[in-house]
Amino acid sequence: MTTVGLIGSGNIGGTVARLAVAAGYDVVLSNSRGPETLTDLVDELGEHASAGTAPDAARVGDLVVVSVPLKAYRAVPVEPLAGKVVIDTNNYYPQRDGNFPELDSGEITSSELLQRHLPDARVVKVFNNIFFKHLDSLARPSGAADRSALAIAGDDAAAKAEVTAFLDRIGYDAVDVGPLAEGWRYQPDTPAYGVLYSADPNDWEHPKQGDADTLRASLAAATR
């Protein structure tokens, strides 16, 4: 795997792109406003970064990161993502996205919605429970004593193995939560969301290590 495509290049998408370039990947960035609006980020990331449309990023990415507001998930291109591993960074925020009755009832999770939209892709949920500044500052080499872990969920074991390898390369351990249906365990308002990586729950400017054992305990403590 050499190229990471990004559909959505905001706070989380842009941070994943920075970590990926630092780890030796090429990245193709996209957003809803057009490639010309990504010039500054491409210039910052250097020769291993380029910008295109969402279908461009979907086509060329060996691994594709979808980091768009949930309300826009239906705009994610379907055909070019068939067979590919797709990382979903999303969360459901009704105040931003409007109400989705199936999510409000707990009938389904947000990543399962994306999986339904991309029936031939292999969706893995990750990056949704960490503040983008913490994601950037907590990355550590493999084996570091102060390494943090991120939760992953997905219905395809091989896809989760690929994402685990990607996380390891960009600076994180992975904790496998199980299928996409278990992704609720690290969505907003759960113990594993946000504060796990914050030294002060009231001031997210200061990160702290969120190791695998602490993450597992937080995931187990989640309730619906």
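For the structure itself, consult the block above.
Draft legend 1. Examining the environment of Val28 more closely. Relative to the elements of secondary structure, Val28 occurs in strand β2 (residues 26-30). A residue is classified by how much of its surface remains accessible, and Val28, at 11% relative accessible area, is buried. Expressed as a C-alpha distance, the spacing of Val28 and Val16, which sit 12 residues apart in the sequence, is 12 Å. Residue contacts for Val28: discarding those within four places in its chain leaves Thr3, Val4, Gly5, Leu6, Ser50, Gly52, Ala57 and Val60.

Draft legend 2. Fine view of the sheet that holds strand β3 (residues 49-51). Spatially, the 8 strands line up as an open sheet ordered β3-β2-β1-β4-β5-β6-β7-β8, and their pairing is mixed. Strands at the two margins of the open sheet, each flanked by one partner only, are β3 and β8 (173-178). The sheet shows a mean angle of 25° between the axes of neighbouring strands, taken without regard to direction. Of the pairings in the sheet, the one linking strand β6 (residues 122-125) to strand β7 (residues 149-154) comprises 2 bridges and is antiparallel in character. Pairing of Val124 across the sheet is with Gly154, part of β7. Its contacts with the sheet place helix α6 (residues 110-117) against β4 (63-66), β5 (85-88) and β6, and it is angled at close to 165° to β6.

Draft legend 3. Representation of the pairing of β4. Residues Leu63 and Val65 line one face of β4 and the alternating positions Val64 and Val66 line the opposite face, and both faces are buried. By the bridge criterion, 4 bridges tie strand β1 (residues 3-7) to β4 in an arrangement that is parallel. Of the residues in β4, the one forming a bridge with Ile7 is Val66. Relative to β5, β4 runs parallel, the two being bridged by 4 bridges. Residue pairing across strands places Val64 opposite Val86, the latter belonging to β5.

Draft legend 4. Expanded view of the nonpolar core. Ranked by size, the top nonpolar core spans 47 residues in total, and within it Val27, Phe127 and Phe166 carry the most contacts. Tallying contributions element by element places helix α1 (residues 11-22) first for this core, with 6 residues. Those residues in contact with Phe127 that sit more than four places away from it in its chain are Ile12, Val16, Ile87, Thr89, Leu135, Leu150, Phe166, Leu167 and Ile170. Ranked by size, the runner-up nonpolar core spans 23 residues in total, among them Val66, Val86, Leu113 and Ala121.

Draft legend 5. Here's a closer look at the pattern of salt bridges. Taken as a whole and judged by the stated rule, the model has 12 salt bridges. Between Arg96 and Asp97 there is a salt bridge, and its shortest N-O distance comes to 2.8 Å. In this structure Asp97 comes out as buried when scored by relative accessible area, which is 9%. Through salt bridges that share partners, Arg122, Asp156 and Glu162 make up one connected network.

Quick notes on the rules
- Residues numbered from 1 in each chain as written.
- Predicted model: local features only at pLDDT ≥ 70, side-chain atom pairs only at ≥ 80, totals over all residues.
- Heavy atoms only, no water.
- Helix = DSSP H or I, 4+ residues; strand = E, 2+ residues; numbered from the N terminus.
- Buried < 20%, exposed > 50% of the residue type's maximum accessible area, 1.4 Å probe, protein only.
- Contact = heavy atoms within 4.5 Å.
- Pairing = 2+ DSSP bridges.
- Axes fitted to C-alpha atoms, helices over the stretch in contact; angles between N-to-C directions.
- Core = buried A, V, L, I, M, F, W, Y, C linked by side-chain atoms within 4.5 Å.
- Salt bridge = Lys/Arg side-chain N within 4 Å of Asp/Glu carboxyl O.

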